[in-house]
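# Secondary and tertiary structure notes
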Amino acid sequence: MPGEASIDRVARWLAEARSVVVLTGAGVSAESGLTTFRDPEEGLWSKYDPMDLATIEAFERDPELVTRWYHWRFTKARDVRPNPGHDALALLERTLCARMPDNPPPFTLITQNIDGLHQRAGSRRVVEIHGSIHRWRCTCTGYEKPLSEIRFDRFPVPSEHGGFMRPCVVWFGEMLPQEALEASFEALARCDLFFSIGTSATVYPAAGFIEVARAAGARTVEINKDPTANSPSVDVTLKGRSGAILPDLVHQMDQLARGGDARDT
Ligand code: OAD
């Protein structure tokens, strides 16, 4: 509609959508207090070299350092809370699933985040393409031990099978979990609305998901406080903090679905 504000347009697209895919990155957790990777001053990769911390070679070279670093990140993730952006995405999932209870699922949340905050906010269908820091496995057998049974009192943490415990996260050079990749591409192939939220869109294959969605005919939206590699090509950019924009957007979609004008409220 001519003159329609961007957020109104996206709210209308959400109200019309049959299948929504959301890709999230570290920016969505920033307002919970977790540091992103590529912020020029505070970002983790501005302070640390990923080749020293996030590769299997780094772990083999210095398992104590890598385990301590991931244990530190695990405690940070455990000790913060989901923010209004996470909450809004969980509400969006509930709303779309209630509106379209049939199969296939109308909403898929693909996250590059390993912090588990989407699940804690109540999101149910979460595809963790970079794994989770809340799961750890033995380097020898792959056996995943429940977190409650792992004692982080020695670094690296020995496993009962002669190896060490490592986080079930994807390190540079490692394959993404096959099941998560398949679930992602299956959802992307049938989506009609795609969101890229709080990610710099620099790490593949996630950075290429927008193209897969576009090839499937989806409208594309970016929510980010800064421009990204996706910005020039998306249909709409909503510039700002995801913790502010997402609650507003979901509220406006809800108003439209109820037959009101979102701006009346
Ligand atoms: P980045 O740190 O690369 O990007 C975070 C993006 O979020 C940036 O574009 C910020 O401008 C934006 N941002 C920050 N705060 C925001 C806010 N409150 N609201 C909206 N946007 C905000 O993080 P990712 O794109 O997630 O992989 O990084 C992708 C992958 O690179 C990570 O999963 C990790 C990393 O190396 C592995 O470790 C394998």
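First, a word on what this report is: a plain description of the structure on this page. Residue positions are given per chain, counted from 1 along the sequence in the order it is written. In keeping with the model being predicted, local features are shown solely for residues with a pLDDT of at least 70 and side-chain atom pairs are shown and tallied solely at 80 or more, while totals for entire chains, interfaces and linings include all residues. Side-chain metrics rest on all non-hydrogen atoms present in the structure, leaving aside hydrogens and water.

### Quick notes on the overall build of the chain
So the rule is basically this: A run of DSSP states H or I qualifies as a helix once it reaches four residues; a run of E qualifies as a strand once it reaches two. Both are numbered from the N-terminal end. The buried label applies to any residue whose accessible area, calculated with a 1.4 Å probe on protein chains only, is under 20% of its type's maximum; exposed applies above 50%, and partly exposed to all values in between. The contact rule is simple, with two residues in contact once any of their heavy atoms fall within 4.5 Å. Under the convention used here, a 1.4 Å probe and the Shrake-Rupley method define accessible areas, while residue burial counts only the protein chains that appear. When charges are counted, neither His nor the chain ends are considered; positive counts come from Lys and Arg and negative counts from Asp and Glu. Here the site of a charge means NZ on Lys, CZ on Arg, CG on Asp, or CD on Glu.
Counting its regular elements, the chain contains eleven helices and nine strands. Each principal axis of the C-alpha atoms in the chain carries an extent, and together these give about 65 × 40 × 35 Å. Across the 265 residues that make up the chain, the buried fraction comes to 51%. Contacts in the chain between residues far apart in sequence, at least 24 positions, make up 66% of those at least 6 positions apart. Carbon and sulfur atoms make up 51% of the accessible area of the chain, which totals about 12600 Å². For the chain, the distance from the average position of its 30 positive side-chain charges to the average position of its 36 negative side-chain charges is 3 Å.

### Some thoughts on the packing of aromatic side chains
Cut-off, in case you're wondering: Pairing of aromatic side chains requires ring centres within 6.5 Å, counting the rings of Phe and Tyr and the six-membered ring of Trp. Pairs whose planes differ by under 30 degrees are stacked, by over 60 edge-to-face, and all others tilted. We call a charge positioned over a ring when the NZ of a Lys or the CZ of an Arg lies within 6 Å of the ring centre and within 35 degrees of the ring normal.
Evaluation of the coordinates by the stated rule reveals eleven aromatic pairs. Ring geometry for Tyr48 against Trp69: centres 5.7 Å apart, planes inclined by 70°, an arrangement best described as edge-to-face. Of this pair, Tyr48 sits in the loop between α3 (44-47) and α4 (50-53) while Trp69 is found in helix α6 (residues 63-79), placing the two residues 21 residues apart along the sequence. What makes Trp69 buried here is its relative accessible area of 7%. Pairing Trp69 with Tyr70 gives two aromatic rings, centres 5.1 Å apart and planes at 90°, and the pair type is edge-to-face. Comparing Trp69 with Tyr70 shows no difference in burial state: the two are buried. Here the aromatic residues Phe37, Trp45, Tyr48, Phe59, Trp69, Tyr70, Trp72, Trp171 and Phe172 are joined through ring pairs into a cluster of three or more. For the cation-ring pair, Arg166 lies above Trp171, with the distance from its terminal atom to the ring centre recorded as 3.8 Å.

### Points about the sheet that holds strand β3 (residues 126-128)
Condition: Here, strands pair whenever DSSP counts at least two bridges between them. Inter-axis angles, ranging from 0 to 180 degrees, are taken between N-to-C directions of lines fitted to C-alpha atoms, where helices are fitted over the stretch in contact.
Sheet architecture is open: six strands sit in the order β3-β2-β1-β7-β8-β9, paired in parallel fashion. Each edge of the open sheet carries a strand with a single partner, namely β3 and β9 (236-239). Put simply, the sheet's adjacent strands are angled 20° from each other on average, direction ignored. Two strands pair when backbone bridges link them, and strand β8 (residues 219-224) and β9 are joined in this way by four bridges, in the parallel orientation. In the sheet register, Asn224 faces β9, and the bridge partner there is Lys239. Here helix α1 (residues 6-16) sits on the sheet and contacts β1 (20-24), β7 (193-197), β8 and β9; the angle it forms with β9, its principal contact strand, is near 120°.

### Quick word on the site of the ligand
Where we set the bar: Whether a residue is near a molecule or strand depends on its heavy atoms: it is near if one of them lies within 4 Å of it. Pairing of N or O atoms within 3.5 Å defines a polar contact, subject to two protein rules: one partner must be a possible hydrogen donor and the other a possible acceptor, and residues neighboring in sequence count only if both atoms are side-chain atoms. Polar here means any residue outside two lists: the nonpolar Ala, Val, Leu, Ile, Met, Phe, Trp, Tyr, Cys and Pro, and the charged Asp, Glu, Lys and Arg; Gly therefore counts as polar.
In the vicinity of the ligand there are 24 residues, among which Glu31, Arg38, Thr199, Ser200 and Asp226 approach most closely. Contact distances for the ligand include 2.8 Å between an oxygen atom and a backbone N or O atom of Ala26. Between the ligand and His130, the relevant distance is 2.8 Å, taken from an oxygen atom to a side-chain nitrogen or oxygen of the residue. Notes on the ligand: free accessible area 800 Å², of which the protein chains cover 93%. Partitioned by chemical class, the residues of the shell around the ligand number seven nonpolar, twelve polar and five charged.

### Notes on the side chain of Ser231
Note that Ser231 resides in the loop between β8 and β9. Among the polar contacts listed, one links the side chain of Ser231 to the side chain of Glu222, at a separation of 2.6 Å.

### Concerning the pairing of strand β4 (residues 131-138)
Two faces belong to every sheet, and in a regular strand the side chains alternate between them. Examined bridge by bridge, β4 and strand β6 (residues 165-169) share five bridges and lie antiparallel to one another. Residue pairing in the sheet places Cys138 in a bridge with Met165 of β6. Pairing geometry for β4 and strand β5 (residues 144-145), over two bridges, is antiparallel. Looking at β5, one finds that Trp136 is bridged to Lys145.

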